[in-house]
Amino acid sequence: MRFFAIGFGQAGSKILDLFVDNEKQRGAGIKHNVLAINSARTDLLGLRHIDHKDRILIGQTLVKGHGVGTDNKLGAKVAQEDIETILSAIDERGTHDVDAFLIIAGLGGGTGSGGAPVLARYLSEMYAEPVYAVGILPAPEEGKLYSLNAARSMITLLKYVDNLILVDNGAWKFEGASLKESFARINEEIVRRLTILARAGEPIEEGMVGEMVVDSSEVINTFKGGGISSIGYATTTAEPEKKKKFGFSLFKKSREEASFEEDKSMKIASLVRRAALGRLSVPCNIRSAERALVLVAGPPEHLDRKGIEKAKLWLEDQIAGVEVRAGDYPTRKTKYVAALVVLANVTDIPRVKQLQKLAVEAREEVEDAEKIRLEKTLELFDEDIDPLF
Ligand code: GDP
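In this text the structure is predicted, and so the values were computed from the model without any measurement.

Thresholds applied
- Residues numbered from 1 in each chain as written.
- Predicted model: local features only at pLDDT ≥ 70, side-chain atom pairs only at ≥ 80, totals over all residues.
- Heavy atoms only, no water.
- UniProt positions renumbered as here; feature names shortened; annotations may be inferred.
- Helix = DSSP H or I, 4+ residues; strand = E, 2+ residues; numbered from the N terminus.
- Buried < 20%, exposed > 50% of the residue type's maximum accessible area, 1.4 Å probe, protein only.
- Contact = heavy atoms within 4.5 Å.
- Axes fitted to C-alpha atoms, helices over the stretch in contact; angles between N-to-C directions.
- Parallel < 35°, antiparallel > 145°, perpendicular 65-115°, else oblique.
- Left-handed = near helix turned anticlockwise from the far one by under 90°.
- Phe/Tyr/Trp six-rings, centres within 6.5 Å; stacked < 30°, edge-to-face > 60°.
- Lys NZ or Arg CZ within 6 Å of the ring centre and 35° of its normal.
- Near = heavy atom within 4 Å.
- Polar contact = N/O pair within 3.5 Å; in protein donor to acceptor, adjacent residues only side chain to side chain.
- Areas by Shrake-Rupley, 256 points an atom, 1.4 Å probe, with all protein chains shown as cover.
- Domains from an automatic or database assignment.
- Buried area = accessible area lost by both parts, 1.4 Å probe.
- Salt bridge = Lys/Arg side-chain N within 4 Å of Asp/Glu carboxyl O.
- Nonpolar A, V, L, I, M, F, W, Y, C, P; charged D, E, K, R; others polar.

Further remarks concern the UniProt feature "binding site: GTP" (unreviewed entry) in the chain. Taking the numbering used here, the UniProt-annotated feature "binding site: GTP" (unreviewed entry) corresponds to Gln10, Ala11, Gly12, Ser13, Lys14, Gly110, Thr111, Gly112, Glu142, Asn169 and Asn187. In this structure, glycine 110 sits in the loop between strand 4 (100–106) and helix 6 (111–126). Classification of glycine 110 by relative accessible area gives buried; the value is 5%. When residues no more than four places from it in sequence are discounted, the contact partners of glycine 110 are Val68, Gly69, Thr70, Asp71, Asn72, Gly75 and Gly115.

In structure tokens, the structure reads:
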């Protein structure tokens, strides 16, 4: 699955930077196109792995490289003003090899929160490829303004994207660590998921045979519909195989061999269950998902068709719809077996409801505060003095 991945704003660019590094380190050889976009010059300079030519500073006339603060309306405005620059940068890099656009942004801030929906709108109008967004939700302790930004950004994004994959910073904050300290680890978790997703439909390493291949079109079919998705992930170490000691019968599997295979398939099935029921990118009710996708990656001798099929049947029972796609991706470049579960178009997401409520409260408080401030300022000048003009 080849992405045209765009990191918008600080969080989005940092996550993209890590994704680029990860793909290089793994020697994955999948050619993604990337762009980091920001209105803050220093944030762009802080990136380490994205080429300088793939970094775009926007809003120079309006904010002069200093960023938009947490004003996402200004974020949307600077994106709109410089949309031609962004679109020609995308065009120059080419889109003919691209399976989907992926816009990554923190929804609680300014540049990414305001800019991502503007870009999504243009991309969805101009290109046939699907447009996905990875939206990072603010943690509750970041306050109501961040909630208001996130709610506004989300509602606008949902008008234009083919899917919005949510990540909840609040749910992902690590025990005993501050939110800022958790960022690096949260970003790693996001990138792990994106990396596996990117493997779908890509050529397998030489000498490997995938038993159940998932094509990029199946990922696209899973995500279609314009809803919100959550992604689960779990890993286990791939223990060295003990299979060599089995007796050799040409026609029948020995009892040990059968039990070994059974064990392997149980392991895969339980790994997938762990991914679906464990830490999801945004906590949600699995029973409200319309579709699901399972991808299992790891050394080939640890992948098991029966296990994946078992997991698929189990997921079909769990979700609201019946469409579950599943496949494997054999690779020697890891000592782990990893399972990714996409729960597509989920509708029961408590954090989104909560954000909505906080956003309404924030908007009312802002309006009230503005009214009171106006009244009080006028009271300061209650003597009858005429203005100059
Ligand atoms: P922008 O540069 O104006 O788009 O603002 P940010 O990208 O910094 O967005 C702010 C939101 O993103 C807040 O809710 C932060 O909690 C979150 N955020 C900022 N940096 C990171 C990061 O590296 N990782 C994650 N997961 N969230 C981040």
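What follows deals with the side chain of histidine 302. For histidine 302, the location among the structural elements is in the loop between strand 8 (291–298) and helix 12 (305–318). Given the relative accessible area of 15%, histidine 302 is considered buried. Residues in contact with histidine 302, not counting those within four places in the same chain, are Ala238, Glu239, Lys264, Ile268 and Val337.

Bringing the packing of helix 1 (residues 9–26) against helix 9 (residues 179–199) into the picture now. Between helix 1 and helix 9, whose axes approach to 9 Å, the crossing angle comes to 55 degrees. Taken as axis vectors, helix 1 and helix 9 run oblique relative to one another. The two elements helix 1 and helix 9 meet at a crossing, and its hand is right-handed. For the pair helix 1 and helix 9, contact is made by Lys14, Ile15, Leu18, Phe19, Asn22, Glu23 and Arg26 and by Phe183, Asn187, Glu188, Ile190, Val191, Leu194, Thr195, Ala198 and Arg199, respectively.

Attention now moves to the packing of aromatic side chains. Using the criterion set out here, one finds three aromatic pairs in the structure. With a centroid separation of 4.9 Å and an interplanar angle of 50 degrees, the aromatic rings of tyrosine 132 and phenylalanine 223 are classed as tilted. In this pair, tyrosine 132 sits in strand 5 (residues 131–137) while phenylalanine 223 sits in helix 10 (residues 216–223), placing the two residues 91 residues apart along the sequence. Note on tyrosine 132: relative accessible area 2%, which makes it buried. Aromatic rings pair up to connect Phe4, Phe101 and Tyr127 into one cluster. Sitting over the ring of tyrosine 122, arginine 121 keeps its end group 5.7 Å from the ring centre. One residue, arginine 279, lies across the ring of phenylalanine 174, its end atom 4.8 Å from the ring centre.

This next bit is on the site of the ligand. Within the structure, the ligand sits among 19 residues, and Gln10, Ala11, Lys14, Gly112 and Asn187 are positioned closest to it. Glycine 110 has a polar backbone atom sitting 3.0 Å from an oxygen atom of the ligand. The separation between a nitrogen atom of the ligand and a polar side-chain atom of asparagine 187 is 2.7 Å. Protein burial of the ligand: of its 570 Å² of free accessible surface, 93% is covered by the chains.

Right, let's talk about the domain arrangement of the chain for a bit. Parsing the chain into structural domains produces domain 1 (3–199) and domain 2 (216–346). Once you take the C-alpha centre of each, domain 1 and domain 2 turn out to be 29 Å apart. On the side of domain 2, 27 residues touch domain 1, which itself brings 25 residues to the contact. Taking both sides of the interface into account, the surface hidden between domain 1 and domain 2 amounts to around 2,200 Å²; carbon and sulfur atoms contribute 65%. Our count for the domain 1 to domain 2 interface comes out at zero salt bridges. Joining domain 1 to domain 2, the criterion identifies 13 residue pairs in polar contact (both at pLDDT 80 or more).

Our focus in this paragraph is the packing of helix 4 (residues 72–81) against helix 6. Look at helix 4 against helix 6: their axes get within 6 Å of each other, and the N-to-C directions meet at 40 degrees. The orientation of helix 4 with respect to helix 6, classified from their angle, is oblique. You can see that helix 4 and helix 6 cross each other, and the crossing is right-handed. Residues Asn72, Gly75, Ala76, Ala79 and Gln80 of helix 4 pack against Thr111, Ser113, Gly114, Gly115, Val118 and Tyr122 of helix 6. Grouping the constituent residues of the contact of helix 4 with helix 6 by class yields four nonpolar, seven polar and no charged.

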